[in-house]
Amino acid sequence: MLVTFIYAYNEAIDRIPLWNYMLSLSSISMPWTLIGDFNCITSLNEVCGGRERWTPEMQTFKDCLFDSGMSSMHIVGGRLTWFNKRSQAPVHKHLDRMVTNASWFNTFSEGCVMGSPMAQFSAKLKHTKFLLKQLNRDHGNIQSNVMVARNSLTEFQEFACSSTDSGVLDVEKILIANLNNALMQEESFLLQKARVKWLHLGDSNNSFFHQKCKVNWNKNKVLTLVDGENHLVHGQNQCAQVAVNYFSQVLVKRMKRNKAPGPDGVNVEFFLATWHITGTSFCNAVKFFFESGAMHSGINSTFISLIPKTVAPTRMNDFRPISLCSVLYKCISKIIAMHLKSIMHYIVDIAQSAFIPGHSISDNVLLAQELFRGYNRVTGLPKCALKIDLHKAFDSLS
């Protein structure tokens, strides 16, 4: 068995000796594998982002693999192993790979290249999200399902109203059950979308939920904004650009630029319901973080939701940004917070009232009231008070 570790040159002309080396040893009969960074891709499917186009170097590498009888091993986990760490023009590529000859594949036919537990977990969630979207496209038209079920029942009842066959009642029961099931799905969907926590028992409040959804949408939609130059802009695209420009100034200075957006799209309920399937991968991903200190970019991504602080917001500082993190990210943060809690009193001054068990931030209010009692008296020592606006501490992301 022969194992060769690769770290190829950046320039295409400097990689030619490597391709010649692979061709020169292609006739060996023992199992042979090459593992590492080949610094080259074989097709445009192995790159995401940028303005990548087909190059002769890609064809040269592909021909080398074919002529030497080499084939890439199956990868489990993150496939795009290289990232240029640029937020403005991110590029991901599949540069690291494991290629083997036929003898290796025949000897280790069940082998595959495993990514980190966190990369595997992220890839599984991404694949699950794709399947759920496909399932939703195939069976997700809830309103249409209700209409079809109701029309089927109505047509059957009109057709069978004069029939005395006992089997007709059985068919009618099935159609009624289908309609009730479709109505329950519609009501559940509208209940979640309306975001209300109460439901009048025994009443299908579909019209109420539709109205509630419309009220929420009209309340939260942003039609106009004032940009940084005090110009009033209209329309979704212009308002979105104002939001991007505003948070770019806030985030760029406080956040690493190589963070990729796009959470996994699943909530706590998903993991609770599928823990017998996802529990092992979830725990392995958490353990991997604390053992290695590395976090996969797909887990470390966040959606930013803008919550209005006023009834009619017109500027970006009228919104409060809320970070929507993945469940795995929140779990890791919770574990870190629990460990920090035991030592927080060592690293935070005793005068600090917040973040310390047994202390209350309202203590500062009571202290301020005592200090300002009789503050307007002209007798005594000279006094001075400063009022500091701390709103940026709550409107910023770090």
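Engineer: I would appreciate a short explanation of the overall build of the protein in the present structure.
Structural biologist: Regarding its fold elements, the protein presents 14 helices and 13 strands. Sequence separation of 24 or more characterises 62% of the internal contacts of the protein that already satisfy a separation of 6 or more. Accessible area of the protein: about 27900 Å², with a carbon and sulfur share of 59%.

Engineer: Just to check I follow, could you spell out the packing of helix α10 (residues 275-292) against helix α11 (residues 327-341) for this structure?
Structural biologist: Packed helices, taken two at a time, are described by the angle their axes make and the gap between the axes. At a minimum axis distance of 11 Å, the contact between α10 and α11 shows a crossing angle of 50°. What the angle tells us is that α10 and α11 run oblique. Every pair of crossing elements has a handedness; the one defined by α10 and α11 is right-handed. Contacts between α10 and α11 involve F282, A285, V286, F289 and F290 on the former and, on the latter, V327, L328, C331, I332, I335 and I336. Looking at the contact of α10 with α11 residue by residue, the class counts come to eleven nonpolar, no polar and no charged.

Engineer: How do you make sense of the sheet that holds strand β3 (residues 47-48) when you look at a structure like this?
Structural biologist: In sheet architecture, strand pairing relies on hydrogen bonds along the backbone and comes in two forms, parallel and antiparallel. The strand order β3-β7-β6 describes an open sheet built from three strands, whose pairing is antiparallel. Every other strand in the sheet has two partners, leaving β3 and β6 (82-83) as the edge strands with one partner each. Sheet topology note: the β3/strand β7 (residues 92-93) ladder contains two bridges and is antiparallel. Looking at β7, one finds that V47 is bridged to K93.

Engineer: Explain the state of the cysteines here, please?
Structural biologist: Formally, a disulfide is one covalent bond, and it connects the sulfur atom of one cysteine to the sulfur atom of another. The full count for this structure, using the stated rule, is zero disulfides. Between C283, a free cysteine, and C331, which holds the nearest cysteine sulfur, the sulfur-to-sulfur gap is 7.9 Å.

Engineer: Looking at this model, I keep getting lost on the pattern of salt bridges. Mind explaining?
Structural biologist: Close approach of charged atoms lets side chains of opposite charge pair. Tallied over the full model, the rule gives two salt bridges. In this structure, R97 and E46 form a salt bridge, with 2.8 Å as the shortest nitrogen-oxygen distance. In this pair, R97 is assigned in strand β8 (residues 96-100) and E46 in the loop between β2 (32-37) and β3, connecting sequence segments 51 residues apart.

Engineer: When you look at the packing of helix α1 (residues 16-24) against helix α2 (residues 56-67) in this model, what are you seeing that I'm missing?
Structural biologist: Running from N to C, α1 and α2 cross one another at 15°; their axes reach a closest spacing of 9 Å. With respect to α2, the element α1 is oriented roughly parallel. Between α1 and α2 the crossing geometry is left-handed. In contact with W19, M22 and L23 of α1, α2 contributes T60, F61, C64, L65 and D67. Of the residues in the contact of α1 with α2, the class split is six nonpolar, one polar and one charged.

Thresholds applied
- Residues numbered from 1 in each chain as written.
- Predicted model: local features only at pLDDT ≥ 70, side-chain atom pairs only at ≥ 80, totals over all residues.
- Heavy atoms only, no water.
- Helix = DSSP H or I, 4+ residues; strand = E, 2+ residues; numbered from the N terminus.
- Contact = heavy atoms within 4.5 Å.
- Areas by Shrake-Rupley, 256 points an atom, 1.4 Å probe, with all protein chains shown as cover.
- Axes fitted to C-alpha atoms, helices over the stretch in contact; angles between N-to-C directions.
- Parallel < 35°, antiparallel > 145°, perpendicular 65-115°, else oblique.
- Left-handed = near helix turned anticlockwise from the far one by under 90°.
- Nonpolar A, V, L, I, M, F, W, Y, C, P; charged D, E, K, R; others polar.
- Pairing = 2+ DSSP bridges.
- Disulfide = S-S within 2.5 Å.
- Salt bridge = Lys/Arg side-chain N within 4 Å of Asp/Glu carboxyl O.

Nothing here speaks to function; it is geometry throughout.
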